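Close look at the chain arrangement
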Amino acid sequence: ETGVSTWHDPRFRDMEMDPVELGVLPPGWEIRYTANGRQYFVDHINRTTQFTDPRLTVNVTRRISTNISQLDHLPAFQDPLPPPPCQDPLPPPVEKRDLVHKMHRMRSQLNDMQPNIGHCRIEVTRENVFEESYHQIMRMRVRDLKKRLLIRFRGEEGLDYGGIAREWLYLLSHEMLNPYYGLFQYSRQDVYTLQINRDSGVNPEHLSYFYFVGRIIGMAVFHGLYIDGGFTLPFYKQLLGRPISLEDMESVDPEFYRSLKWVLENDLDGVIDTTFEVEYDWFGKVLQRELMAGGKDIPVTNSNKEEYVSLYVQWRFKAGIEKQFIALQRGFNEIIPAQLLKMFDEKELELVISGLGKIDVKDWRMNTRLKNCSLDSDIIKWFWKIVESFDDEMRARLLQFVTGSSRVPLEGFKALQGIIITLLQSLL
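Residues numbered from 1 in each chain as written. Predicted model: local features only at pLDDT ≥ 70, side-chain atom pairs only at ≥ 80, totals over all residues. Heavy atoms only, no water.

Overview of the overall build of the protein chain
Helix and strand counts for the protein chain come out as 17 helices and nine strands. When contacts within the protein chain are restricted to residue pairs at least 6 apart in sequence, those whose partners lie at least 24 apart make up 68%. (Helix = DSSP H or I, 4+ residues; strand = E, 2+ residues; numbered from the N terminus. Contact = heavy atoms within 4.5 Å.)

In structure tokens:
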């Protein structure tokens, strides 16, 4: 009814219970914390993990039982429940359900695809987690990758009930997505979202590595884990098989987006001298590429400017990375069938793959520079008070709205240059 999605079970939302009322954990349960500080619970008896406090489940059941027993004592002539309003017998379309329902539906389908026996066993060292993971996973069959993960760091003792797998994926994400390896690059200097590096071909084995990255992203989604890093929204849109448009340019390169919008909205006669050819840098060399056959000799005019903008957008997001993306997508769809993702849009898919992350409001505030205002300004106080009242999902959505990604750079908020300033100025 509200159009709001949440990661928390709505049955627990209004339960204000202190630790004394909650009591001790059930036998075999333990509280642990993820690398980003999020609390989760380990069931050592069934070898499972979950984010919901198992004590809440017990209390919900107790309260429901109490309410039912109270209804049984009502007078026979008193109807305890009003008649339900006339409703449409058909459920709302899947696309209209909130993110939590979509993820539950996908998770149910993925659980049906998981083999009932066996484990996906991976043993690596922390120092060489990228290469060792690559060689082991590339030798495995798709069916084996869907088995319950059993990760072990060589030379370390520990039972993997989910925590070690999360740590392995966290370390692996930092390595395989690092622009140092040349597979990916930051979309621009002041925004730390990733895109495929069109110059990745300097590594003759790059397509095999993109196939591996696709498998890892697919495994993360399949096993309910998250990749520690974020891609551009057009990347997620392509992964969904949806067409790229000019509007997708805004989150990646706002300056050029405004230039192309100007081309579409203004008279070009006698104003610009542009052809259907683009220039780009390749290891210090300036190269040219035609957007269409004979493009260098075709001027951009009022009659063909829409075609020029469309071709330029396609070149910006697809040219030079077709083979890389196909390899990555093949590895991903081996684990996650494309039809399971049709219910998500690109922003939701980012949250499915990368998760919400733990957003440190204190770090956010410390690394926010203010213009035309001060920390004592009422609107600044109101802003931080609202952000502090948000749960992790709302903070992630705010960050996604402002920066184009729900993830914080590995270096923290200090790496988000000039982003929050614009938001605060727009609020004044």
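Regarding helix α3 (residues 99–113)
The first and last C-alpha atoms of α3 sit 21 Å apart over 15 residues, in line with the 21 Å expected at 1.5 Å per residue. Among the residues of α3, those classed as buried are L99, V100, K102, M103, M106 and L110. Here the buried residues of α3 occupy an arc of 150 degrees about the axis, which is enough to place them on one side. Along α3, exposed side chains directed more than 90 degrees from the buried face belong to H104 and D112. (Expected span 1.5 Å × (residues − 1). Buried < 20%, exposed > 50% of the residue type's maximum accessible area, 1.4 Å probe, protein only. Arc of directions from axis to C-beta.)

Description of the environment of I326
Take I326: it is sitting in helix α12 (residues 322–335). Owing to a relative accessible area of 54%, I326 belongs among the exposed residues under this scheme.

Re the nonpolar core
Residues W168, F184 and I216 are the most contacted members of the largest nonpolar core, which totals 61 residues. The leading source of residues in this core is helix α7 (residues 206–222), at eleven residues. If we ignore the near neighbours within four places in the chain, the residues touching F184 are M176, L177, P179, L194, Q195, I196, N197, F210, V213, F231 and L328. (Core = buried A, V, L, I, M, F, W, Y, C linked by side-chain atoms within 4.5 Å.)

Re the sheet that holds strand β2 (residues 39–43)
One open sheet holds the three strands; their spatial order is β1-β2-β3, and the pairing between them is antiparallel. Two strands close off the open sheet at either side, each with one partner strand: β1 (29–33) and β3 (48–50). In this sheet, adjacent strand axes meet at a mean angle of 30 degrees when their direction is disregarded. Across three bridges, the pairing between β2 and β3 is antiparallel. When the bridges of β3 are listed, F41 appears paired with Q50. (Pairing = 2+ DSSP bridges. Axes fitted to C-alpha atoms, helices over the stretch in contact; angles between N-to-C directions.)

Side note on the environment of F222
Following the sequence through the fold, F222 ends up in helix α7. With relative accessibility at 4%, the residue F222 sits in the buried group. Among residues more than four places away in sequence, those in contact with F222 are R107, L110, M113, Q114, K146, I335 and I336.

Comments concerning the pairing of β2
Two faces belong to every sheet, and in a regular strand the side chains alternate between them. By the criterion of burial, β2 is predominantly enclosed, with four of the five residues buried. Direction of pairing for β1 relative to β2: antiparallel, over a ladder of five bridges. Looking at β2, one finds that I31 is bridged to F41.

Considerations on the packing of helix α10 (residues 254–265) against helix α11 (residues 305–318)
Between α10 and α11, the shortest axis-to-axis distance is 9 Å and the interhelical angle comes to 160 degrees. One finds that α10 runs roughly antiparallel with respect to α11. You can see that α10 and α11 cross each other, and the crossing is left-handed. Listed contacts from α11 to F256, L260, V263, L264 and E265 of α10 are K305, E306, Y308, V309, Y312 and V313. Of the residues belonging to the contact of α10 with α11, the class tally is eight nonpolar, no polar and three charged. (Parallel < 35°, antiparallel > 145°, perpendicular 65-115°, else oblique. Left-handed = near helix turned anticlockwise from the far one by under 90°. Nonpolar A, V, L, I, M, F, W, Y, C, P; charged D, E, K, R; others polar.)

Examining the packing of aromatic side chains
Overall, the coordinates contain 19 aromatic pairs when judged by the stated rule. The side chain of R330 reaches across the aromatic face of Y211, ending 4.3 Å from its centre. (Phe/Tyr/Trp six-rings, centres within 6.5 Å; stacked < 30°, edge-to-face > 60°. Lys NZ or Arg CZ within 6 Å of the ring centre and 35° of its normal.)

Digging into the pairing of strand β4 (residues 119–124)
On β4, burial follows the alternation: C120, I122 and V124 on one face are buried, whereas H119, R121 and E123 on the facing-out side are not. Bridging between β4 and strand β5 (residues 148–153) involves six bridges; their strand directions are parallel. Residue pairing across strands places R121 opposite L150, the latter belonging to β5.

Details of the pattern of salt bridges
If you walk through the whole model with that rule in mind, you get twelve salt bridges. Its salt-bridge partner being E123, residue R152 comes within 2.9 Å of it at the nearest N-O pair. Taken together, the residues span a long stretch of sequence, with R152 in strand β5 and E123 in strand β4 at a distance of 29 residues. A relative accessible area of 31% places R152 in the partly exposed class. Ionic pairing is found between D144 and R141, a salt bridge with its closest N-O pair at 3.1 Å. The class of D144 is buried, set by a relative accessible area of 15%. (Salt bridge = Lys/Arg side-chain N within 4 Å of Asp/Glu carboxyl O.)

By themselves, these figures tell us nothing about what the structure is for.
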